[in-house]
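Below, each chain spelled out in residue letters.
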Amino acid sequence: MLGHWRRSPFGAFSDVMLERADGERLLLAPTRETADFIGAMYVFDTVRVVPVRVGVVARTWTVTAGSLELCFVTGRRGPLGLLLRAVPAALTRRPVWSALTDRPARLLLPGVRTRGSVRASRREWYGARDLKPIRLVSASFEGVDLGVTAPVEPPVRFGFGSVPGKPALTRVTTTIALGPG
């Protein structure tokens with residue numbers, strides 16, 4: 001899962017969360033500060049601080065994060081993506097919106113949640129704003145080709161929910177309520 005944050009308390013940055021076939025959960029983050037923040041929220045077996053670079057030209061995304069090389073091309077927005085694009089941005093920032101959309105999200109995209117609890121007594125809400133299918137992918141990690149796209153099964157186990165079962169680019173507004181301390 002690629003996180004590409006244009007705005008955050010840490011400034012613009014990108015990170016990668018991945019789960020290997022053997023179940024090992026890895027975080028690739030660009031700074032110790034972002035690694036510590038993300039690592040305190042989600043469960044990882046390994047955290048690496050590595051340069052994370054993302055380039056976007058039209059529908060083609062290129063990502064380099066340590067020994068991960070990824071290139072993907074998005075397809076045309078489908079009906080759900082069109083519906084999400086119609087939701088006002090201000091509404092997607094409200095936790096109540098995430099609460100209202102959690103059940104429909106679970107039904108339409110099994111494994112996906114729009115709200116939940118994460119580690120360190122934090123709560124998190126996602127307001128989806130767009131959804132596009134990923135059509136073409138080329139990826140390698142530690143010099144090994146990752147093969148063709150496949151359904152995300154079993155669901156990833158970083159936090160309270162997974163990603164869509166089919167590879168997709170989802171634009172979300174994320175709200176995090178920090179717990180005590």
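Whatever comes next refers back to the structure up there.
So, how was this worked out
Residues numbered from 1 in each chain as written. Predicted model: local features only at pLDDT ≥ 70, side-chain atom pairs only at ≥ 80, totals over all residues. Heavy atoms only, no water. Helix = DSSP H or I, 4+ residues; strand = E, 2+ residues; numbered from the N terminus. Buried < 20%, exposed > 50% of the residue type's maximum accessible area, 1.4 Å probe, protein only. Contact = heavy atoms within 4.5 Å. Expected span 1.5 Å × (residues − 1). Bend = angle between axes of the 7 residues up to and from the residue. Salt bridge = Lys/Arg side-chain N within 4 Å of Asp/Glu carboxyl O.

Q: Please explain the environment of Val63 as it appears in this structure.
A: For Val63, the location among the structural elements is in strand 6 (residues 60-65). Relative accessible area serves as the criterion here: at 2%, Val63 is assigned to the buried category. A sequence separation of 24 residues divides Val63 from Gly39, and the C-alpha atoms of the two residues are 21 Å apart. Apart from the residues lying within four places of it in its own chain, the contact partners of Val63 are Leu2, Val16, Arg53, Val54, Leu68, Glu69 and Leu70.

Q: What's the story with helix 4 (residues 95-108) in this structure? I'm lost.
A: Helical periodicity: at 3.6 residues per turn, an α-helix aligns residues three or four positions apart in one direction. Taking 1.5 Å of rise per residue, the 14 residues of helix 4 would be expected to cover 20 Å, and the 20 Å separating its terminal C-alpha atoms lies within 8% of that figure. Along helix 4, the helix axis deviates most sharply at Thr101, where the bend reaches about 40°; the proline Pro104 sits within four residues downstream. Among the residues making up helix 4, those that are buried are Ser98, Thr101, Asp102 and Ala105. Turning to helix 4, the residues buried within the fold contact strand 8 (115-118) and strand 9 (122-141).

Q: Looking at this structure, I do not really get the pattern of salt bridges. What am I missing?
A: Once the charged atoms of two side chains with opposite charge are near each other, the side chains can pair. If you walk through the whole model with that rule in mind, you get nine salt bridges. Linking Glu142 and Arg20 is a salt bridge whose minimum nitrogen-to-oxygen distance equals 3.0 Å. Here the residue Glu142 occupies a position in the loop between strand 9 and strand 10 (144-145), and Arg20 occupies one in the loop between strand 2 (13-19) and strand 3 (25-29), the gap between them amounting to 122 residues. What makes Arg20 partly exposed here is its relative accessible area of 25%. Put simply, Glu142 and Arg48 hold a salt bridge, and the shortest N to O gap is 3.1 Å. Linking Glu142 in the loop between strand 9 and strand 10 with Arg48 in strand 4 (residues 46-49), this pair joins segments that are 94 residues apart in sequence. Taken together, the shared-partner salt bridges connect Arg20, Glu24, Arg48 and Glu142 into one network.

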